[in-house]
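Geometric and topological summary
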Amino acid sequence: MGFKELKDKYQLLRDLMDFIPDVIYFKDKQGRFIMVNQAHAKGLGVKPEALVGKTDFDLFSKNRARKMAQDDAHVMNTGKPIIDKVERATRPDGVDNYVSTTKIPRYDDKGRVIGLIGITRDITRRMQFERLRKDKLCVEKKLESLEELSAMKSEFISTVSHELRTPLAVIKGLVTIVFNEVVGQINHKQKEVLQKTLDNTERLKKIIDDLLDISRIERNTLKLHYSLVDIVDLIKDSEGFFIKLAEEKNIRLKYVYPGEPVNVFIDADRVRQVIFNLISNAIKFTMDGGKIKVEVKILESKVRIGVIDTGIGISKADLSSIFNKFTQVSRLPGAENKGVGLGLSISKKLVERHKGEIWVESKAGVGSKFYFTLRRFYTLDMLGKSLRNKVSRLMKSGISMHFVSLMILNCGEFRKRMRISLDSLFKDLHAILVLVLKNAKYSGADKQAMSVINPKAGKFSIILPGASSRQAANISSLLKYKIKQYFSSNKVEDVFITIGSLSYSQKVLSQDDGFSPSRFSIKEIYIGSEMRRFKRLSFKTNIKLFLPDEKVELSESVDVSEGGICLVIKHLLKTDSELKVSFAFPENKESIITAKVRVAWIKKIELLFGESFEKYKVGLEFINLENRCKKIIRRRLLNKS
Amino acid sequence: MPKKRILLIEDEADMVYALNIQLEALNFEVLSASDGQAGLDMARKEKPDLIILDLMLPKIDGYKICRLLKFDEKYKKIPIIMFTARAQEQDKKLGQEVGADAYITKPFDSKALLDKISALLKK
């Protein structure tokens with residue numbers, strides 16, 4: 001090799017030694033450093049030359065050096081390299097870290113060991129990474145087993161609850177027999193005793209039902225059956241029952257309604273369950289002579305139902321866990337009030353399934369205010385007069401029939417999105433219907449399907465005389481599927497179509513226990529998407545919230561409309577309290593909007609890991625928004641659409 | 001007037017006992033079977049005026065029995081009340097689909113059951 005070549009090759013090796021961050025060194029047979037690289041020397045705080053001739057004993061603690069010497073000896077005596085041995089080391093500057101050591105023997109040209117080459121690499125970061133990965137796997141495993149446990153628990157509750165019902169039914173049946181004197185007369189005292197026995201079987205039944213509900217809700221096997229309902233109507237229905245119940249405790253129960261019907265799309269039975277839970281709680285926890293108010297309030301795009309009492313209230317300590325399972329707070333004397341503590345947790349889950357919010361404001365000794373919201377629906381009457389007449393005519397002539405009603409809510413919006421006229425939309429739907437009826441093999445000269453189309457009102461009803469309930473079920477599900485397909489092919493995805501039993505508001509027919517008389521069963525299909533009175537815009541900007549007692553909180557808004565703002569804050573506000581807000585849209589910082597607002601609804605946000613303070617999402621409605629501000633918001637909303 | 005005959009297809013002996021007492025007190029003649037197959041055979045042989053059918057039965061389940069009877073010209077006129085501890089919507093819907101005339105969940109209100117029976121027998 002020529003000198004230049006040598007020099008170049010030497011430079012390559014020099015670069016390797018100087019710039020590689022790993023520690024590289026050469027030792028002789030006695031363990032003395034022949035040469036070390038920059039990284040090694042730097043790590044010890046000296047220059048490479050200073051290490052030549054030194055051994056580990058000169059640099060590290062005796063124990064450590066001894067271990068290293070052992071390794072060296074092993075490598076040089078056996079000729080077996082040590083590769084990637086992981087060791088924990090403490091550097092001279094005190095930092096603990098992990099290193100991977102590789103030592104291989106060096107031979108002369110006669111094959112005799114003359115020393116070794118060592119490479120030590122800092123793998124502290126790799127180790128940390130490994131540990132994090134292990135921790136993550138550990139946590140995932142724990143989570144998995146927790147979920148499994150939870151599923152098993154739910155299934156257990158479900159199975160046991162079903163099993164409990166059967167003997168309970170037997171007990172109820174047997175006691176009723178004696179109570180009704182079917183097997184002989186009984187005296188007054190005996191009757192009293194048996195009455196108490198029956199009351200307790202009812203209590204037991206309620207507990208089992210609650211347990212089943214909660215386990216089903218948790219396993220996500222609870223199915224909701226939606227229909228269009230006037231919530232005012234729903235609540236009025238049980239007025240009598242509750243007023244009587246309240247009177248027994250000399251409690252004055254008052255209902256406050258808005259002056260108009262409020263339509264919501266809900267599972268009527270389940271929402272009834274929530275109302276029942278809240279009002280019966282209010283009665284339970286209010287002393288004799290107290291007052292309870294049930295108030296239905298219309299909000300911009302929601303309806304809010306409040307149950308406000310002057311009862312014993314909830315202490316601050318219990319407030320945060322009030323909606324938890326199996327929580328029971330101190331009650332008034334009276335064992336008949338004991339449940340198993342599931343009512344509120346079921347109510348919360350049901351409200352949330354309906355995409356509503358539920359919250360409580362309470363003061364021990366003063367009373368409690370429970371609120372929940374439901375999203376509103378704008379719609380028209382369900383059965384038009386002409387249709388009702390047709391139906392009653394058929395009923396009178398004894399022909400059994402099925403009735404399928406399609407209602408497209410917010411027709412206008414769909415039309416816009418699909419860019420077709422209302423008439424062609426209904427023509428298309430009619431064509432789909434004809435196809436579906438053909439496929440379902442429903443026909444016959446005497447069984448003409450009647451369809452009533454009312455495009456302006458977005459209604460489309462089909463009466464199927466002479467169809468069996470099976471056929472009606474088939475037709476409805478096929479229709480639903482085909483209509484969804486149709487909308488989908490026109491790029492409208494968020495159509496919801498549901499087949500449910502007749503809406504609660506329907507007064508034309510009577511039903512016993514939700515099971516229709518066999519000659520007349522009704523299925524309804526609703527198509528619609530949520531309508532809002534005001535257009536909304538979601539964006540982030542800083543909003544100043546002027547709280548009472550002179551505090552000011554900053555928040556990022558969630559969305560804004562002409563009607564109000566929805567934002568996330570750390571403060572707990574009082575429902576219906578009034579405050580001031582001020583904000584500006586990012587692109588238009590000079591136009592500051594200030595407004596008075598009222599707290600419409602509150603939702604507590606579940607804490608994520610690492611968060612220590614509570615967060616609430618609140619809906620604030622503008623009170624008498626200035627025209628100037630209205631204009632600014634409106635302009636912004638138009639721009640974004 | 002001859003007594004109306006009600007067939008109970010129910011595997012809980014005490015439940016049969018309780019229903020028996022109540023129904024006989026109302027002047028019904030009560031027949032009973034404690035498993036699905038026996039119940040089906042008895043329904044076909046005896047052609048009762050009404051059947052109270054438990055859903056959770058050994059041998060054949062209640063839904064199947066209901067379907068078999070309701071889809072058979074000879075027996076489809078016999079009203080069937082389904083009877084069970086399961087009260088979920090899909091159970092009720094399934095009941096509708098196999099042609100049941102009514103559905104009662106346990107524990108039940110005996111007055112409600114009796115009202116249903118008289119309503120169905122009147123037809």
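The structure contained in this document is the topic of the report that follows. What you see is a predicted model, and the numbers here were worked out from it, not measured in a lab. (Residues numbered from 1 in each chain as written. Chains lettered and ligands numbered in written order. Predicted model: local features only at pLDDT ≥ 70, side-chain atom pairs only at ≥ 80, totals over all residues. Heavy atoms only, no water.)

**Notes on the overall build of chain B**
Condition: Going along the chain from the N terminus, every DSSP run of H or I of four or more residues is numbered as a helix, and every run of E of two or more is numbered as a strand. Here the term buried applies to any residue with accessible area under 20% of the maximum for its type, exposed to any over 50%, and partly exposed to those in between, with areas from a 1.4 Å probe on protein chains only. Per-residue and other accessible areas follow the Shrake-Rupley method at a 1.4 Å probe size, with only the shown protein chains counted as cover for residues.
Across its full length, chain B carries five helices and five strands. Each helix (α) and strand (β) of chain B, taken in turn from the N terminus, gives the series β-α-β-α-β-α-β-α-β-α. For chain B, buried positions account for 51% of its 123 residues. A total accessible area of about 5800 Å² is found for chain B, and carbon and sulfur atoms account for 51% of it.

**A closer look at the overall build of chain A**
The cut-off we apply is this: The criterion used for residue contact is that any of the two residues' heavy atoms lie within 4.5 Å.
Regarding its fold elements, chain A presents 17 helices and 24 strands. Taken over 641 residues, chain A has a buried fraction of 43%. Across chain A, the fraction of contacts at a sequence separation of at least 24, relative to all contacts at a separation of at least 6, is 64%. For chain A, the exposed surface amounts to about 35800 Å²; the carbon and sulfur share of it is 54%.

**Describing a nonpolar patch on the surface**
All names here are of chain A. Defined as follows: Residues enter patches when their relative accessible area tops 30% and they take part in no salt bridge; the joining distance is 9 Å for like charges and 5 Å for the nonpolar side chains Val, Leu, Ile, Met, Phe, Trp and Tyr. Salt bridges are identified by distance alone: a Lys or Arg side-chain nitrogen within 4 Å of an Asp or Glu carboxyl oxygen.
Residues L12, L13 and L16 make up a contiguous nonpolar surface patch of about 310 Å² in total accessible area. Following the sequence through the fold, L13 ends up in helix 1 (residues 3-19). Residue classification places L13 among the exposed residues on the basis of a relative accessible area of 54%.

**Notes on the side chain of D56 of chain A**
Selection criterion: In protein, a polar contact means a hydrogen-donor-capable atom and an acceptor-capable atom, both N or O and within 3.5 Å, with residues adjacent in sequence counting only if both atoms are side-chain atoms; elsewhere, any N or O pair within 3.5 Å suffices.
By the element assignment, D56 of chain A lies in helix 4 (residues 56-59). Here K27 of chain A takes part through its side chain, which lies 2.7 Å from a polar atom of the side chain of D56 of chain A.

**Overview of the environment of T90 of chain A**
With respect to the element layout, T90 of chain A can be found in strand 3 (residues 82-90). A C-alpha to C-alpha distance of 9.9 Å links T90 of chain A and R64 of chain A, two positions 26 residues apart in sequence.

**A few points about the packing of helix 9 (residues 239-248) of chain A against helix 10 (residues 268-284) of chain A**
Packed helix pairs are specified by the crossing angle of their axes together with the interaxial distance, meaning the distance between the axes. Residue and element names in this part refer to chain A. For the record, the criterion: Think of each axis as a best-fit line through the C-alpha atoms, taken over the contacting stretch in the case of a helix, with angles from 0 to 180 degrees between the N-to-C directions. Oblique is the label for any angle not covered by the other classes, which are roughly parallel (under 35 degrees), roughly antiparallel (over 145) and roughly perpendicular (65 to 115). By definition, any crossing whose near helix is turned counterclockwise from its far helix by less than a right angle is left-handed, and any crossing with a clockwise turn is right-handed. Each residue gets one of three labels, nonpolar for Ala, Val, Leu, Ile, Met, Phe, Trp, Tyr, Cys and Pro, charged for Asp, Glu, Lys and Arg, and polar for the others, Gly among them.
For the pair helix 9 and helix 10, interaxial distance at closest approach is 10 Å and the crossing angle is 15°. Taken together, helix 9 and helix 10 sit at an angle that is classed as roughly parallel. For helix 9 against helix 10, the interelement crossing comes out right-handed. Judged by residue contacts, F241, F242, L245 and A246 of helix 9 engage F276, I279, S280 and I283 from helix 10. Split into classes, the residues belonging to the contact of helix 9 with helix 10 amount to seven nonpolar, one polar and no charged.

**Comments concerning the nonpolar core**
Residue and element names in this part refer to chain A. Note the following rule: Put simply, a nonpolar core is a bunch of buried Ala, Val, Leu, Ile, Met, Phe, Trp, Tyr and Cys residues held in one set by side-chain atoms that sit within 4.5 Å of each other. Note that the domain bounds reflect an automated or database-derived domain assignment.
With 48 residues, the main nonpolar core has I231, F372 and L374 as its most contacted residues. A total of eight residues in this core trace back to one element, the largest contributor, which is helix 10. Formed jointly, this core draws a minimum of three residues from each of two domains, domain 2 (133-218) and domain 3 (227-331 + 343-375). Setting aside residues up to four positions removed in sequence, F372 forms contacts with V271, V274, I275, L278, V303, R304, I305, V351, E357 and I358.

**Topic: the packing of aromatic side chains**
All names here are of chain A. Rules: Between the rings of Phe, Tyr and Trp (Trp by its six-membered ring), a pair exists once the centres lie within 6.5 Å; its type follows the angle of the planes, with under 30 degrees stacked, over 60 edge-to-face, and the other angles tilted.
Throughout the structure, instances matching the rule amount to seven aromatic pairs over all chains. Ring geometry for F241 against F276: centres 5.7 Å apart, planes inclined by 25°, an arrangement best described as stacked. Residue F241 is located in helix 9, and its partner F276 is located in helix 10; the two are separated by 35 residues in the primary sequence. Residue classification places F276 among the partly exposed residues on the basis of a relative accessible area of 36%. Seen in terms of ring centroids, F323 and F370 are 6.2 Å apart; in terms of plane orientation they differ by 85°. Their pairing is edge-to-face.

**Remarks on the side chain of Q22 of chain B**
Secondary-structure assignment places Q22 of chain B in helix 1 (residues 13-25). For Q22 of chain B, a relative accessible area of 8% puts it in the buried group. If we skip the residues at most four places from it in the chain, Q22 of chain B touches G173, T176 and I177 of chain A together with S110 of chain B.

**Remarks on the sheet that holds strand 3 of chain A**
Residue and element names in this part refer to chain A. Here is the rule we go by: Any two strands with at least two DSSP-identified bridges between them are counted as paired.
Spatial strand order, 2-1-5-4-3: five strands in an open sheet with antiparallel pairing. Two strands lie at the open edges of the sheet, namely strand 2 (33-36) and strand 3, each paired on one side alone. The average undirected angle you get between the axes of adjacent strands in this sheet is 25°. With seven bridges joining them, strand 3 and strand 4 (residues 96-107) adopt antiparallel strand pairing. Across the sheet, the residue bridging to R88 is Y98, located in strand 4. Seen against the sheet, helix 5 (residues 62-78) touches strand 1 (23-28), strand 3, strand 4 and strand 5 (113-122) and runs at an angle of roughly 175° to strand 3.

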